[in-house]
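Fold and contact review
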Amino acid sequence: MEFKIIPLMDTLTTIIFLLLTLFFTATKIVAVQFVVAQSLSKSNELQKCENGLGTTCGSSIYQHVFESGKEVSKECCSRLMTVGKDCHDLLTEVTIVYKRTPEKKAKEIWYKNDKAWEDCKKSAAPSPRGSNELKNCENGLGVKCGHLIYQHVFKSKKEVSKECCRRLLSIGKDCHDLLTEVTIVYKRLTEKHAKEIWHRNDKVWEECQED
């Protein structure tokens, strides 16, 4: 049997080639992991944006931006302001990519996207969070009872005391609803979750009336 002696340069070349192959393979794996992580992150972010906007307003804004549909209502403009410009842009970006929109058409859509945002900034009803009406409702209910009713409505915890029921009835149903509405918008609850909250909101009001 004959043994061939491999020249030193050939050996070094082979080793370098193998090292480079391993390096680029590892780089590709890291790159793929990074892309996957980014995709998951964007997916979670997208879900939050969709939930914050809600099905009805999401559909309304989509039609306005992509199909030159109806004007966006003040309520939907308020929701859009709540989720923010980054969410608005993300939803548009994802839809453009998903629909494989041509570049020329995409430019028109981005123009309408930005215009819808600017129009909503002008027309959106001011958030009740800083309004005098909201402050009056909060003051009328008080910190202790406000917290107790929040726990009952939003977390199904603790019964509402008779004292807090009296306070709730004294501020009225409009105040009760306003406090719930503001919290739902602020927490960006899903439509399904919001329906459950509204059910408990009305139920606690009825129970307090019976006491």
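For the structure, see preceding data.
Below or above, wherever it landed, is the structure these notes cover.

How each quantity is defined
- Residues numbered from 1 in each chain as written.
- Predicted model: local features only at pLDDT ≥ 70, side-chain atom pairs only at ≥ 80, totals over all residues.
- Heavy atoms only, no water.
- Core = buried A, V, L, I, M, F, W, Y, C linked by side-chain atoms within 4.5 Å.
- Buried < 20%, exposed > 50% of the residue type's maximum accessible area, 1.4 Å probe, protein only.
- Helix = DSSP H or I, 4+ residues; strand = E, 2+ residues; numbered from the N terminus.
- Phe/Tyr/Trp six-rings, centres within 6.5 Å; stacked < 30°, edge-to-face > 60°.
- Contact = heavy atoms within 4.5 Å.
- Expected span 1.5 Å × (residues − 1).
- Polar contact = N/O pair within 3.5 Å; in protein donor to acceptor, adjacent residues only side chain to side chain.
- Patch = residues over 30% accessible without salt bridge, like charges linked within 9 Å, V, L, I, M, F, W, Y side chains within 5 Å.
- Areas by Shrake-Rupley, 256 points an atom, 1.4 Å probe, with all protein chains shown as cover.
- Salt bridge = Lys/Arg side-chain N within 4 Å of Asp/Glu carboxyl O.
- Lys, Arg positive; Asp, Glu negative; His and termini not counted.
- Charge placed at Lys NZ, Arg CZ, Asp CG, Glu CD.

1. Observations concerning the nonpolar core
A general feature of soluble globular proteins is that nonpolar side chains tend to end up buried together. Leu141, Val160 and Leu168 are the most contacted members of the largest nonpolar core, which totals 24 residues. For this core, the secondary structure elements donating two or more residues are helix 6 (132–141), helix 7 (143–155), helix 8 (162–171), helix 9 (173–187) and helix 10 (191–210). Within the second largest apolar cluster, 21 residues are counted, among which are Leu46, Ile61, Cys87 and Ile96.

2. Examining the packing of aromatic side chains
Under the counting rule described, the total for this entry stands at two aromatic pairs. Ring geometry for Tyr62 versus Phe66: centroids 5.0 Å apart, planes at 20 degrees, classification stacked. Highlighted residues: Tyr62 and Phe66, both in helix 2 (residues 55–66), separated by four residues, approximately one helical turn. With a relative accessible area of 9%, Phe66 lands in the buried category. The interplanar angle of 20 degrees and the centroid separation of 5.1 Å between the aromatic rings of Tyr150 and Phe154 together place this pair among those described as stacked. Taken as a pair, Tyr150 and Phe154 lie in helix 7 at a separation of four residues, close to a single helical turn.

3. Digging into unusual backbone geometry
Phi is positive for Arg100, which is not a glycine, with a value near 50 degrees. Within the fold, Arg100 resides in the loop between helix 4 (85–98) and helix 5 (103–123).

4. A closer look at the environment of Asp177
Note that Asp177 resides in helix 9. Sequence-wise, Asp177 and Asp202 are 25 residues apart; in three dimensions their C-alpha atoms are separated by 8.4 Å. Sequence-distant contacts of Asp177, that is, excluding residues within four places in its chain, are made with Trp198, Asn201 and Asp202.

5. Considerations on helix 4
Over its 14 residues, helix 4 runs 20 Å from end to end, which matches the ideal 20 Å to within 8%, given 1.5 Å per residue. Every buried residue of helix 4 is accounted for by Cys87, His88, Leu90, Leu91, Thr92, Thr95 and Ile96. Phi turns positive, to about 50 degrees, at Arg100, one or two residues after helix 4.

6. Some words on the side chain of Thr95
Structurally, Thr95 is set in helix 4. Using a relative accessible area of 19% as the deciding quantity, one classes Thr95 as buried. A distance of 2.7 Å separates a polar atom in the side chain of Thr95 from the backbone oxygen of Leu91. In this structure, Thr95 is in contact with Tyr62 and Phe66, ignoring residues within four places of it in sequence.

7. Examining a positive patch on the surface
Among the surface-exposed residues, Lys155, Lys157, Lys158 and Lys187 lie close enough to one another that they form a single positively charged patch. Counting through the fold element by element, Lys158 comes out in the loop between helix 7 and helix 8. Exposure remark for Lys158: the relative accessible area of 54% places this residue in the exposed category.

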